[in-house]
Amino acid sequence: MLPLNIKIRSRRMAISLAGACATLFLAGCATVPTEPPKLNIDRSIQAQAQDSRVEFVVLHYTSASNERSLELLSRRNVSSHYLITDEPVPRIYQLVDESRRAWHAGVSQWFDRSNLNAASIGIEIVNAGGSGLFWAPYSNAQIETLLLLLADIVQRHQIKDHNVVGHSDIAPQRKVDPGPLFPWKKLADAGLARWYDETLAEQHRSAFERQGLPGIGWMQQQLEKAGYEVPRHGKLDKATQNVLIAFQMRYRPRLYDGVPDAETLAILKSLQ
Ligand SMILES: [Zn+2]
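The text that follows walks through the structure, step by step, so that each part is easy to find. This one's a predicted model, so the numbers in the text were calculated from it and none came from an experiment. (Residues numbered from 1 in each chain as written. Predicted model: local features only at pLDDT ≥ 70, side-chain atom pairs only at ≥ 80, totals over all residues. Heavy atoms only, no water.)

Surrounding the zinc ion are the protein donor atoms H60 (ND1), H167 (ND1) and D177 (OD), which sit 2.1 Å from the metal. Counting gaps between the donor residues of the zinc ion yields the pattern H-x106-H-x9-D. Within this pair, whereas H60 is found in strand β1 (residues 56-61), its partner D177 is found in the loop between α4 (167-170) and α5 (184-189), the two being separated by 117 residues in sequence. With a relative accessible area of 1%, H60 lands in the buried category. Classification of D177 by relative accessible area gives buried; the value is 7%. (Donors = N, O, S within 2.8 Å, 3.2 Å for Na, K, Ca; no water. Helix = DSSP H or I, 4+ residues; strand = E, 2+ residues; numbered from the N terminus. Buried < 20%, exposed > 50% of the residue type's maximum accessible area, 1.4 Å probe, protein only.)

Dropping the structure here:
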């Protein structure tokens, strides 16, 4: 209702000003300055019941050089909130304001949420890794820079550690970044990402080796419980293997073959 009132009031004002101007024309009336109606919002009281719209952080690598990454993420139809370069002293570019949506996740799912662009912050890291055939290490300086940035984001938006994810976690059928050389354990040690209870995993592993492995149906159920979108038909098809590869790249990067072995399943059972 408010804008309508403003419109009517200003139209009336315009008519009466025009009339006044016509009357005074011979007396030398020039243009009468009109001020736009002022919008008054009182922000002195802030509600207690609120939280951030940002619930996830999604980590990526760019598969491109610094210059090319900047060009792709700022001049095309993809973007990210932040870009960390691979210079000796890495630079952090902010390309999209955190209050706005960047286009980095694409078709994606994590727990019961889909299309994560709407509720996430995307961080791209310059890295030459390709689509599964070639991996490039991240520099220590890049990871140190990322840890600082991530700690700030996680703290400001109160993001839960299981919601700091890789692109491959939320789109395992399409994406492999940030790849098996990304040091998830370092993030977990800094309290910034989920990890598993390593002692418990060792116990589960020996139990599985002694007593045999649980079935594919159990594994699919556990992967779903961990956040992954995975088939639930009890068969080890290509889609299930892709999810398992994403899981292994993150938690058991030494071997990511999509085979449900005792170690992988023990880790899955020990996620915190
Ligand atoms: Zn990505």
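Overall, mixed pairing links the five strands, which are arranged β3-β2-β6-β1-β7 in an open sheet. Strands at the two margins of the open sheet, each flanked by one partner only, are β3 (92-94) and β7 (164-166). Taking each pair of neighbouring strands and ignoring which way they run, the sheet shows an average axis angle of 25°. Two strands pair when backbone bridges link them, and strand β2 (residues 82-84) and β3 are joined in this way by three bridges, in the antiparallel orientation. (Pairing = 2+ DSSP bridges. Axes fitted to C-alpha atoms, helices over the stretch in contact; angles between N-to-C directions.)

Attention now goes to empty space enclosed by the protein. Taken as a whole, this structure holds one cavity of 30 Å³ or more when the rule is applied. Within the lining of the largest cavity, the residues separate by chemical class into four nonpolar, two polar and one charged. (1 Å grid on protein atoms, 1.4 Å probe; cavity = no way out; pocket = protein on both sides within 12 Å on 5 of 7 lines; lining within 4 Å. Points joined across faces, edges and corners; volume = space filled by probe spheres on them. Nonpolar A, V, L, I, M, F, W, Y, C, P; charged D, E, K, R; others polar.)

Here we come to the packing of helix α6 (residues 198-211) against helix α9 (residues 262-269). Viewed as axis vectors pointing N to C, α6 and α9 meet at an angle of 135°, and their least axial separation amounts to 8 Å. One element, α6, and the other, α9, form an angle in the oblique class. The chirality of how α6 crosses α9 is right-handed. Judged by residue contacts, A201, H204, R205, F208 and E209 of α6 engage A262, E263, L265, A266, I267 and K269 from α9. In terms of residue class, the contact of α6 with α9 is made up of six nonpolar, one polar and four charged. (Parallel < 35°, antiparallel > 145°, perpendicular 65-115°, else oblique. Left-handed = near helix turned anticlockwise from the far one by under 90°. Contact = heavy atoms within 4.5 Å.)

Let's shift gears to the pairing of β1. The side chains of a regular strand alternate between both faces of the sheet. Of all six residues making up β1, six are buried, and the element is well covered by its neighbours. Strand direction decides the pairing type here: β1 and β7, joined by three bridges, are parallel. Following the sheet pairing, L59 is matched in β7 by G166.

As a further point, take the side chain of N163. Counting through the fold element by element, N163 comes out in the loop between α3 (140-157) and β7. At a separation of 3.5 Å, a polar atom in the side chain of N163 contacts the side chain of W110. Those residues in contact with N163 that sit more than four places away from it in its chain are E55, F56, V57, W110 and F111. (Polar contact = N/O pair within 3.5 Å; in protein donor to acceptor, adjacent residues only side chain to side chain.)

So, on to the pattern of salt bridges. Under the defined criterion, the tally for this structure stands at 14 salt bridges. The residue E55 makes a salt bridge to R113 at a minimum N-O spacing of 2.8 Å. With E55 in the loop between α1 (2-24) and β1 and R113 in strand β5 (residues 113-114), the pair connects residues that are 58 residues apart, well separated along the chain. Judged by its relative accessible area of 30%, R113 is partly exposed. (Salt bridge = Lys/Arg side-chain N within 4 Å of Asp/Glu carboxyl O.)

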